[in-house]
Amino acid sequence: MERGLRVFGDPKVELHVHLDGAIRPETILHFGRKRGVPLPGSTVDDLLNHVSCRIPMTLTQFLGKFNHYMPAIAGDREAVRRIAYELVETKAKEGVIYVEVRYSPHLLANCCVDPIPWGQSEGDLTPDEVVNLVNQGLQDGERDFRIKARSILCCMRHMPSWSPEVVELCKKYRNNSVVAIDLAGDESVKMENSSEHRKAYEPARRAGVSDRSCCKEAERCGIHRTVHAGEAGPPAIIKEAVYLLKAERIGHGYRVLEDPELYKELLGAKMHFEVCPLSSYFTGACLPDFGKHPVAQFRKDRANYSINTDDPLIFNSNIDKDYSIVKDYMGFTEEDFKRVNINAAQSSFLPEKEKQELLNTLYEAYGMVPNAS
Ligand SMILES: O=c1[nH]cnc2c1ncn2[C@@H]1O[C@H](CO)[C@@H](O)[C@H]1O
């Protein structure tokens, strides 16, 4: 069967990919033209020159890349639905059979969101409808490309006032594609000290909610939780994610190695780390020498982790690039990839029965159970 880009490690499970960091450049150009939204380039190469990373930068600089193209997509119903659909197609071609795709509904809306993102003028696409459209795109993709896709809704570190609605949307759509909540954004910026953060926090505080109570509410309602932590931020942010925000998985988490005691605890607890090798190079989260990448240590210690793309548009990448990095620089074998994907399936946010089905599919494909026939 023709599977496009597939090289090795199939079938795969991917747990950490941002919908808005995985848009096809052609799709951005299409909607930019259609909507008359200016873009920094008019061809794929041109656009990628501005949008994709060429050399390592900081997390803050990397996050600035979204400004170049999000105005062409946000606020447009057809665009939102299409990027979700196309992501499922891409993942199917990459040999991924289960993907959890994450995004901030607020960053794709242009109505009932304060402030309206990306300098858009007010329209009528609400965060709630964004979730609906993404769900439709994912479900159409599941049907057409025969893989499973679920979503994770992101709270943003710089916009705590959006978080209560993110929790509500997770509850509302829990039986409809949405499986978890995330906290994304820039953990390297000290939010407490910024007046913008305090201002953003005000409505939530007035309503008696905080990030902490949102996480508690998520936990109380049985909403699964993952948190970006220890990518650019210190181990203390990982501690906070695990003990305060009750994260069940950690996005990135590389800097856990700076706190051996915490690392030991999390190894013991089988905490899942969503590792994104190429991303960590470009965001400056890890040293440019892949031989010294934290995932080499995770592998040695048989930690629980997965290999993911994060933002393949911005890294001009696909999942095979990430698999190649750990294979070529760290000597990952086919056996390692099997373990990585089984760990990913076990730490997925699927309901138990579906998780077991996913695991059985992997065991069978990897020749780990006797063939029934
Ligand atoms: O590697 C990352 N670390 C932290 N935040 C990120 C990363 N990649 C993307 N986003 C942020 O998550 C939002 C929702 O998808 C994106 O808009 C971006 O701001």
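Residues numbered from 1 in each chain as written. Predicted model: local features only at pLDDT ≥ 70, side-chain atom pairs only at ≥ 80, totals over all residues. Heavy atoms only, no water.

Participant: Run through the site of the ligand, naming residues and quoting values.
Facilitator: Neighbouring the ligand are 18 residues, the closest being His18, Asp20, Glu231, Asp310 and Asp311. Glycine 185 has a polar backbone atom sitting 3.0 Å from a nitrogen atom of the ligand. Between the ligand and the protein, one listed contact pairs a nitrogen atom with a side-chain N or O atom of aspartate 311 at 2.8 Å. Bound to the protein, the ligand loses 97% of the 420 Å² it would expose on its own. Elements that contribute at least two residues to the shell around the ligand include exactly α3 (59–63) and β2 (96–103). Looking at which element gives the most residues to the shell around the ligand, the answer is α3, with three residues. A per-class count over the shell around the ligand returns eight nonpolar, five polar and five charged. (Near = heavy atom within 4 Å. Polar contact = N/O pair within 3.5 Å; in protein donor to acceptor, adjacent residues only side chain to side chain. Areas by Shrake-Rupley, 256 points an atom, 1.4 Å probe, with all protein chains shown as cover. Helix = DSSP H or I, 4+ residues; strand = E, 2+ residues; numbered from the N terminus. Nonpolar A, V, L, I, M, F, W, Y, C, P; charged D, E, K, R; others polar.)

Participant: Explain the sheet that holds strand β5 (residues 224–229) to me, using residue names and the numbers behind them.
Facilitator: An order of β1-β2-β3-β4-β5-β6-β7-β8 is seen for the eight strands of this open sheet, with the pairing classed as parallel. Unpaired on one side and paired on the other, β1 (12–18) and β8 (304–307) mark the two borders of the sheet. Across the sheet, the mean angle from the axis of one strand to that of its neighbour is 25°, orientation sign disregarded. Relative to β8, strand β7 (residues 272–275) runs parallel, the two being bridged by four bridges. Counted as the bridge partner of valine 275 is isoleucine 307 from β8. Where helix α10 (residues 235–244) meets the sheet, it contacts β5 and β6 (249–252), and its direction lies at approximately 170° from that of β5. Here helix α15 (residues 334–346) sits on the sheet and contacts β1, β7 and β8; the angle it forms with β8, its principal contact strand, is near 105°. (Pairing = 2+ DSSP bridges. Axes fitted to C-alpha atoms, helices over the stretch in contact; angles between N-to-C directions. Contact = heavy atoms within 4.5 Å.)

Participant: Could you give me a rundown of the packing of α10 against helix α11 (residues 260–268), with the residues and numbers involved?
Facilitator: Contact geometry for α10 and α11: axes closest at 11 Å, N-to-C directions at 35°. Crossing handedness for the pair α10 and α11: left-handed. Of the residues in α11, those touching α10 at Pro235, Ile238, Lys239, Val242 and Tyr243 are Leu262, Glu265 and Leu266. Partitioned by chemical class, the residues of the contact of α10 with α11 number six nonpolar, no polar and two charged. (Left-handed = near helix turned anticlockwise from the far one by under 90°.)

Participant: Give me the lowdown on the packing of aromatic side chains, citing residues and values where you can.
Facilitator: Under the criterion given, the structure shown has 14 aromatic pairs. With centroids separated by 5.5 Å and ring planes inclined at 35°, the aromatic side chains of tyrosine 281 and phenylalanine 290 adopt a geometry described as tilted. What makes phenylalanine 290 buried here is its relative accessible area of 9%. Seen from their ring centres, phenylalanine 332 and phenylalanine 337 are 5.9 Å apart, and the 35° between their planes marks the pair as tilted. The exposure class of phenylalanine 332 is buried, given its relative accessible area of 3%. (Phe/Tyr/Trp six-rings, centres within 6.5 Å; stacked < 30°, edge-to-face > 60°. Buried < 20%, exposed > 50% of the residue type's maximum accessible area, 1.4 Å probe, protein only.)

Participant: Tell me about helix α6 (residues 127–145), residues and numbers included.
Facilitator: With 19 residues, α6 extends 26 Å between its outermost C-alpha atoms, agreeing within 8% with the 27 Å of an ideal straight helix rising 1.5 Å per residue. Residues Pro127, Val130, Val131, Leu133, Val134, Asn135, Gly137, Leu138, Asp140, Gly141 and Glu142 constitute the buried set of α6. Where α6 is buried, its residues meet α5 (77–93), β2, β3 (148–156), α7 (163–172) and β4 (178–184). Once α6 ends, the next one or two residues include arginine 146, with phi positive near 55°. (Expected span 1.5 Å × (residues − 1).)

Participant: So what's going on with the confidence of the model for the protein? Which residues, and what values?
Facilitator: Residue-level pLDDT values for the protein average 92, and 91% of them are 70 or greater. Counting contacts from residues 1–6, a segment whose pLDDT is below 50, to residues more than four positions away or on other chains yields 11 contacts. Here the complex is predicted with pTM 0.93, and the ipTM for its interfaces comes to 0.99. (pLDDT = per-residue confidence, 0-100.)

Participant: I'd like a description of the environment of phenylalanine 282, backed by residues and values.
Facilitator: With respect to the helices and strands, the residue phenylalanine 282 is situated in helix α12 (residues 277–282). Take phenylalanine 282: its relative accessible area is 8%, and that puts it in the buried class. In the structure, phenylalanine 282 is positioned 182 residues away from glutamate 100 in sequence and 22 Å away in space, judged by C-alpha atoms. Apart from the residues lying within four places of it in its own chain, the contact partners of phenylalanine 282 are Cys53, Arg54, Ile55, Pro56, Met57 and Phe315.

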